[in-house]
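Per-entry structural report
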Amino acid sequence: MSQPMNDDVVLRVDDLSIVYQTKRGNVQATTNISFDLKRGQAMALIGESGSGKTTVSLSLIRKLPKNALITQGQVLYQRDGNVRDVLKLSKRELREFRWKDCAMVFQGSQNAFNPVLKIRTQFEDTARAHGWTDKNAVRERALELLRLVRLDPERVYEAYPHELSGGMKQRTLLALGVLLNPQVVILDEPTTALDILTQRAIIDVLNEMQQRLNFSIIFISHDLSLAAEMADVVATVYAGEIVEIGPVNDMFYDPQHPYTHGLLTSVPKLDHEQDFVSSIAGAPPNLISPPSGCKFHPRCPYATDKCSEDDPTLTGEKPDHLAACWNKDALLEAREEIARKELAQ
Amino acid sequence: MSEPIMRLEGIYRSFRSGRTVIPVLQDINLDINKLEFLCLVGESGCGKTTTGKILAGLLPPSDGKIYFEGRDVNDLRGNDRRRYRRSVQLIHQDPYASLNPTQTIFDMLSFPLLHHKLVKGQKAARKRAAELLELVDLTPVEDILDKYPHELSGGQRQRVSIARALTTDPSVIVADESVSMVDVSIRIGLLQMMMNLRDELGVTIVFITHDLALAKYFSWEGRIGVMYLGRMVEVGKTQQLIANPQHPYTRVLLSAIPEPDPEKTRTKRHIQLRSEDIPRLTELPPGCSFHPRCPWYIEGVCDHTVPQLAVPATSNSQVEVACFPVQEGQALELYES
Ligand SMILES: Nc1ncnc2c1ncn2[C@@H]1O[C@H](COP(=O)(O)OP(=O)(O)O)[C@@H](O)[C@H]1O
Ligand SMILES: Nc1ncnc2c1ncn2[C@@H]1O[C@H](COP(=O)(O)OP(=O)(O)O)[C@@H](O)[C@H]1O
Ligand code: SF4
Ligand SMILES: [Mg+2]
Ligand SMILES: [Mg+2]
């Protein structure tokens, strides 16, 4: 991916690999990951737990645990025509970057607020840490954002964290996250463990904010429905690699990788009388000694000898929809068979 | 229809916290028919787990009656009581917390087998334990038996919990969020395995979940009960309830759920609540507890009297709904966002 960066690309992850060093060996948590995130775009990283989604997102703001080692790659960030490699920022630059350019929200969100400080103080402190000392201006901006996340702004601003429900805290955090107008917002499992109606409120609020403030989103989720609803682009992550990436409709209606297809067919649908659902066999591999060839081959219903020998690369008929699989035709046949069954139903 | 295998009648349960009384379940009436696929759904805190514990005899109700095979469990003594306790098993929602990390899988399975004198001796226990693992598709059995929980994946651990619940040869299993802690990709496999147990062992399974799509899948041939703040607000045949939800809360829930289909989920109509705040159990609103959030509430009625479950007069299904305007046959038009 060495093409020049277009103006509309805010973030480019280029051939990134990360390992965790442990007593038992190196965990290959991220392997040769590349993607472009465009301005105003929402991208979803989906996959089972342990596939490396959080690792990728933490690397974008350099919040990786101490035992992580970036073995290769770049994270290029573009703002106002300037391109910087996030992996090369100094400590001071990084602190700025994390709020003003690329904010991460919802990591352990319920405890993200200091319980003894009013919400107001937490907004003011964040602003001051970045050289913004005019409390009235901060207040004005904060109230505007709290209104945007559909909270009663005056009340929440003066409240202590414990006075807010889980969903309200989540939304307050979102408002705080965008206080300094970042271009990229990273959300790790933004709705996991929230109830349906609280989830709905978060989704609606996020959509509205994104439209108003025009930031880009990277969100991580094991919830396909959330990706279907919020993402422009979806990337499927398996065993530390992106195995398929493409526009949301292509990914859901024309999946090219057996793993993406496996994920899609493992969830029942509310409006289907009879679901042709089945789980993906087996479990994700140990990333200290991942399988040879295509890492999905031990679980893949379409695997052939070639799959255990050679590692497929991302390819596709459309330039923006790529999948790494040797047997795309076999999957296509299987999908046609399922479609016939569904029609016959 | 034959007599239900279990029945809850006017069940109340409250907890005390200091001087405040927290009413967690109120007036729950529920029949569990033999071999039916029954699901309890609702958001967290609505009382699903408490209901499950009460069914399994792990928690006494504050008021109301529990019947097992037609007999009030309070009247059961001695062997009859032990049989009830063995016959109704609860599978804990968290397979991580519920398995003792210092015991092997064999230890866990053999203990109840030997303790309840269901088998005699280690050898028979091992044989039975192996059979149970086969039943929950946990193979190779001989490998698994000598493993510790931490050596198993989340899904495998959940299978162990289910096998353990099967040791006492139960006739009812209450599976509380039994697939919620495992990856989406393997949930259906677990659910299908549990559904097969019904056919293979003749066990009735009550499945508790907050996931309506899973509830639909599990109980397509059965029933769903929707709970809100400690009460049952709608209960009936899944196919009717999902296709035509009647209670405002059920309708709001179904309209709010994102679906794994981009076009569908983006064009879905969402019903707007009047308020997003969920009342505390200690400050329950009078009348229907959904009324402060309900777009269709009738002033002076809904905020005054608690609606009871009943089949609406004009309904062409048997689904019971606890809602005044619905029971009066009012058409609830959609309030869109
Ligand atoms: N600090 C760490 N040390 C060692 N291994 C780790 C560490 N953090 C994560 N891992 C491992 O890296 C892999 C990817 O983890 P993660 O990025 O958290 O995946 P996901 O977010 O998709 O669940 C997993 O195998 C996980 O066990
Ligand atoms: N032992 C207890 N003491 C006090 N409150 C409890 C206790 N057990 C449950 N509750 C409360 O009862 C309500 C219902 O809980 P639960 O039955 O676990 O709901 P659900 O399983 O639907 O999430 C919750 O508000 C919970 O906090
Ligand atoms: S009884 Fe009234 S308040 Fe309650 S759900 Fe029905 S309409 Fe709404
Ligand atoms: Mg993660
Ligand atoms: Mg529960």
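Residues numbered from 1 in each chain as written. Chains lettered and ligands numbered in written order. Predicted model: local features only at pLDDT ≥ 70, side-chain atom pairs only at ≥ 80, totals over all residues. Heavy atoms only, no water.

1. Details of the interface of chain A and chain B
Basically, it comes down to this: Note on contacts: a residue pair qualifies if any of its non-hydrogen atoms lie within 4.5 Å across the two residues. Each of two parts loses accessible area, computed with a 1.4 Å probe, when they are put together; buried area is these two losses added. The working definition used for a salt bridge is a side-chain nitrogen of Lys or Arg within 4 Å of a carboxyl oxygen of Asp or Glu. Pairs of N or O atoms are called polar contacts if they sit within 3.5 Å, as long as, within protein, a hydrogen donor faces a hydrogen acceptor (for residues adjacent in sequence, only side-chain-to-side-chain pairs). Helix and strand definitions follow DSSP, with helices as H or I runs of at least four residues and strands as E runs of at least two, each counted in order from the N terminus.
Residue-level contacts link 39 residues of chain A with 39 residues of chain B. Broken down residue by residue, the surface that chain A buries against chain B is led by Ile196, Leu197 and Leu270 of chain A, which jointly contribute 23%. Linking chain A with chain B are two salt bridges, by the criterion used here. A salt bridge links glutamate 276 of chain B to arginine 171 of chain A, with the shortest nitrogen-to-oxygen separation between them at 3.2 Å. Linking chain A with chain B are 23 residue pairs in polar contact (both at pLDDT 80 or more), by the criterion used here. Elements with a minimum of two residues in the side of chain A that touches chain B: helix H6 (166-177), helix H7 (196-213), helix H8 (224-230) and helix H9 (248-253) of chain A.

2. Topic: the packing of aromatic side chains
Selection criterion: For Phe, Tyr and Trp, rings pair up if their centres lie within 6.5 Å, where Trp contributes its six-membered ring, and each pair is then called stacked (planes under 30 degrees apart), edge-to-face (over 60) or tilted (otherwise). Relative accessibility under 20% of the residue-type maximum defines a buried residue, over 50% an exposed one, and the middle range a partly exposed one, all with a 1.4 Å probe and only protein chains included. By definition, being over a ring means that NZ of Lys or CZ of Arg is both within 6 Å of the ring centre and within 35 degrees of the ring normal.
Going through the model one piece at a time under the given rule, you end up with eleven aromatic pairs over all chains. Judged by centre distance (4.5 Å) and plane angle (45°), the rings of tyrosine 228 of chain B and tyrosine 249 of chain B are tilted. Of this pair, tyrosine 228 of chain B sits in strand E9 (residues 223-228) while tyrosine 249 of chain B sits in helix H11 (residues 248-256), placing them 21 residues apart in sequence. A relative accessible area of 4% means that tyrosine 228 of chain B is categorised as buried. When the centroid spacing of 5.4 Å and the interplanar angle of 70° are considered together, the rings of tyrosine 249 of chain B and phenylalanine 290 of chain B count as edge-to-face. Note that tyrosine 249 of chain B is positioned in helix H11 and phenylalanine 290 of chain B in the loop between helix H12 (262-267) and strand E11 (320-321), a separation of 41 residues in sequence. Summarising the burial analysis for this pair, tyrosine 249 of chain B and phenylalanine 290 of chain B share the class buried. One aromatic cluster in this structure is built from Tyr238, Tyr259 and Phe296 of chain A. Over the aromatic face of phenylalanine 106 of chain B sits the side chain of arginine 126 of chain B, whose NZ or CZ is 5.4 Å from the ring centroid. The cationic tip of lysine 216 of chain B hangs over the ring face of tryptophan 220 of chain B; the distance from NZ or CZ to the ring centre is 5.5 Å.

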